[in-house]
Every structure is written in C-alpha cells, then in structure tokens.
Amino acid sequence: MAFFDHLSTTISEKSRDVAKKAKDFAETTKLGSMISTEEDAIARTYGEIGKSYFEQHKDSAEDPFRDKIE
C-alpha cells in the first residue's frame, strides 16, 4: 500500500508542477503579446511623426533629413 500512496503523492505533485508551468507559460505568452502590441503602437506613432515632419518640411528639410526626403 505504501507504494501506491507514494505513487499517488508523486502524481499529485507532478500534476501541480505541470499546472504551474502551464500557467507560467500562459502568463509569459500574454506578456509577450502585450509587449508586441505596445511596440506596434510605438512604431505607428513614429510613422505618424515622420509623416507629419515630411509634410511640414518637404520643401525645406534640414541637412540630416534632406537626402531621405528628396
């Protein structure tokens, strides 16, 4: 009987370990997705800033940007 008690305890512990790892993985995936969403928002904002700068300075761009605008 001790064998089955030990086996039952081991299975329960491993099940809890697997459940915790699955929860941790899900949380990590969720955080990665949130980071990706924020990075996309930053990239869009940079694009909007660049477009706005281009529209305002396309005829009078300063040196560091002149080549790219022309």
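Along each chain, residues carry numbers from 1 onward, in the same order as the chain's sequence is written. In view of the model being predicted, local features appear only for residues whose pLDDT reaches at least 70, and side-chain atom pairs are presented and counted only at 80 or more, with totals across whole chains, interfaces and linings using the full set of residues. Where side-chain values are given, they derive from all heavy atoms of the structure, hydrogens and water being excluded.

Trainee: How would you summarise the overall build of the chain if you had to cite specific residues and measurements?
Mentor: A run of H or I in DSSP counts as a helix once it spans at least four residues, and a run of E counts as a strand once it spans at least two, with each numbered from the N terminus. Scanning the chain for helices and strands turns up 2 helices and 0 strands. The quantity called the radius of gyration is restricted to C-alpha atoms. Its globule counterpart is 2.2 Å times the number of residues to the power 0.38. Relative to the globule expectation of 11 Å for 70 residues, the C-alpha radius of gyration of the chain, 28 Å, shows a markedly less compact shape. Principal-axis analysis of the C-alpha atoms places the extent of the chain at approximately 90 × 15 × 10 Å. Residue burial is assigned from relative accessible area. The probe radius is 1.4 Å, only protein chains are included, and a residue is buried under 20% of its type maximum, exposed over 50%, and partly exposed in between. Evaluated residue by residue, the chain yields a buried proportion of 3% over its 70 residues. For accessible areas, the Shrake-Rupley method is used with a probe of radius 1.4 Å. Any residue's cover is judged against the shown protein chains and nothing else. Split by element, the accessible area of the chain, about 6500 Å² in all, is 59% carbon and sulfur.

Trainee: If you had to explain a nonpolar patch on the surface to someone new, which residues and values would you point to?
Mentor: Taken together, the side chains of M1, F3, F4, L7 and I11 define a hydrophobic patch exposed on the protein surface, amounting to about 600 Å² of accessible area. Within the element layout of this structure, F4 appears in helix α1 (residues 2-57). On the basis of relative accessible area, F4 is assigned to the exposed category, the value being 54%. Each patch groups residues whose relative accessible area exceeds 30% and which form no salt bridge, using 9 Å between like charges and 5 Å between nonpolar side chains of Val, Leu, Ile, Met, Phe, Trp and Tyr. Each reported salt bridge corresponds to a side-chain nitrogen of Lys or Arg within 4 Å of a carboxyl oxygen of Asp or Glu.

Trainee: Can you explain the pattern of salt bridges? Please cite residues and give values.
Mentor: Evaluation of the coordinates by the stated rule reveals 1 salt bridge. D24 is the partner of K20 in a salt bridge, and the nearest nitrogen-oxygen pair spans 3.0 Å. Note that K20 and D24 are positioned in helix α1 at a spacing of 4 residues, about one turn of the helix.

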